[in-house]
Amino acid sequence: MPERKEPHFLGSDLRVLRKFTYYTPNLNRYLALFKEGQSKKRVGEASTLYLKSRMAASEIKEFSPHASIIIMLRNPVDMIHSLHAHVVDLGAEDIEDFERALEAETDRSRGLKIPKGCGIVDSLLYRDITRFSEQVGRYFKIFGRENVYVINYDDFRDNTPAVYGTVLNFLEVNSNFQPRFDVIHGNRQVRSKMLRHLWVRRPLFLQHALMDYVPLPVTRGVQKSLRWVYSRPTPRPPMNPQLRKSLQVEFRPEVERLSELLGQDLTHWCNE
C-alpha cells in the first residue's frame, strides 16, 4: 500500500478540484506510488470515493482486469455523521453543524456553496455516498461476487484481528502477518482554524514543490505535526435524536435493498 493512501486517480466522474494536487493528477505519478511494491504479491490503494463513483469500477477493471475489491460498509447514519466530522477537521467542510450540512447537499450537487478547502466535491454529498446497494451491485456485476469482499464495519470494530485475517485469506497472502491495530482517525475537534487553513489552502506552487521534491514521509510528518497543533482528539458530540430517527426512516429502504443483495439482515441499523 502506498504512503499516499487515497490518490483518487480513477473515478473520472468525481468532481476533483485539480488545484488540490495531493490527489494524483496523472498516470506517471500514480504508477510511481507503487514502485516499492514491484516485487510483492499484492499491491493496492484505498481511494474511498471509488465506491460512490459510477465510473471507477469499470475504470479499475480496465486498468487491472484481475483486481480484487474490498468494500467496508457501515450503518449509513453513523457513517455520514462520522464523515462530516472528518471533513470538518480536514478543512474540506465549512458548515460545522451536521444538520445544516445535510441541508446544503442540493446546492452542492449544483456546484454551489463549495468550501475553498474542499478537494473532491462528492465527499460533501453525504446522502449520495450511502447508496450502498447500487454501489456494491455495480462492483458485483463488473468483477463478479467472488472477487469482491464486503466487510461489515460492526464486525471489524468488534473483532478486528479476526476480520483482518479473513481479508488476508481473501487476498491469498500470508495469513500469519499481524500488524498493530491502532485507531488512526479518531474524532478530532479543530482549535485553530487559521493553522488548518494555512496547510489546507497552501499555494499551488508549494503543493507542487512538496510533491516533486520532498519525500512523502516528510510531508506526512509535517502534516501530522500541524494537525496535532490545530486540532485535538475529542469524543464526537451525539447526533440530535430526532435527526437520527429521521435519517433511519429515510435510509431504511436502502438498507433493506442492501440486506437482500448481501443476504444479510442489516435492518437493525434502522432500529437502534
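Residues numbered from 1 in each chain as written. Predicted model: local features only at pLDDT ≥ 70, side-chain atom pairs only at ≥ 80, totals over all residues. Heavy atoms only, no water.

Draft legend 1. Spatial organisation of a nonpolar patch on the surface. A cluster of nonpolar side chains, namely Leu 27, Leu 31 and Phe 63, defines an oily patch on the protein surface of about 260 Å² accessible area. Looking at the element boundaries, Leu 31 is found in helix H1 (residues 27–32). Given the relative accessible area of 43%, Leu 31 is considered partly exposed. (Patch = residues over 30% accessible without salt bridge, like charges linked within 9 Å, V, L, I, M, F, W, Y side chains within 5 Å. Areas by Shrake-Rupley, 256 points an atom, 1.4 Å probe, with all protein chains shown as cover. Salt bridge = Lys/Arg side-chain N within 4 Å of Asp/Glu carboxyl O. Helix = DSSP H or I, 4+ residues; strand = E, 2+ residues; numbered from the N terminus. Buried < 20%, exposed > 50% of the residue type's maximum accessible area, 1.4 Å probe, protein only.)

Draft legend 2. Representation of unusual backbone geometry within the structure. One non-glycine residue, Lys 113, adopts positive backbone phi at about 55°. With respect to the helices and strands, Lys 113 occurs in the loop between helix H5 (105–109) and helix H6 (126–129). Relative accessible area serves as the criterion here: at 54%, Lys 113 is assigned to the exposed category. The phi angle at Glu 172 is positive, at roughly 60°, despite the residue not being glycine. By secondary structure assignment, the location of Glu 172 is in the loop between helix H9 (160–171) and strand E3 (188–190).

Draft legend 3. The pattern of salt bridges, seen in detail. If you walk through the whole model with that rule in mind, you get 16 salt bridges. Taking the shortest distance from any N to any O, the salt bridge between Arg 108 and Asp 94 comes out at 3.3 Å. Taken together, the residues span a long stretch of sequence, with Arg 108 in helix H5 and Asp 94 in the loop between helix H3 (76–90) and helix H4 (98–103) at a distance of 14 residues. The class for Asp 94 is exposed, based on a relative accessible area of 51%. Two residues, Glu 254 and Arg 257, come together in a salt bridge whose shortest N-O distance is 3.2 Å. Of the two residues, Glu 254 and Arg 257 are both situated in helix H13 (residues 241–262); the distance of 3 residues between them amounts to about one turn of the helix. Among the residues examined, Arg 257 registers a relative accessible area of 46% and is labelled partly exposed. Members of the salt-bridge network, linked through shared partners, are Arg 54, Glu 134 and Arg 138.

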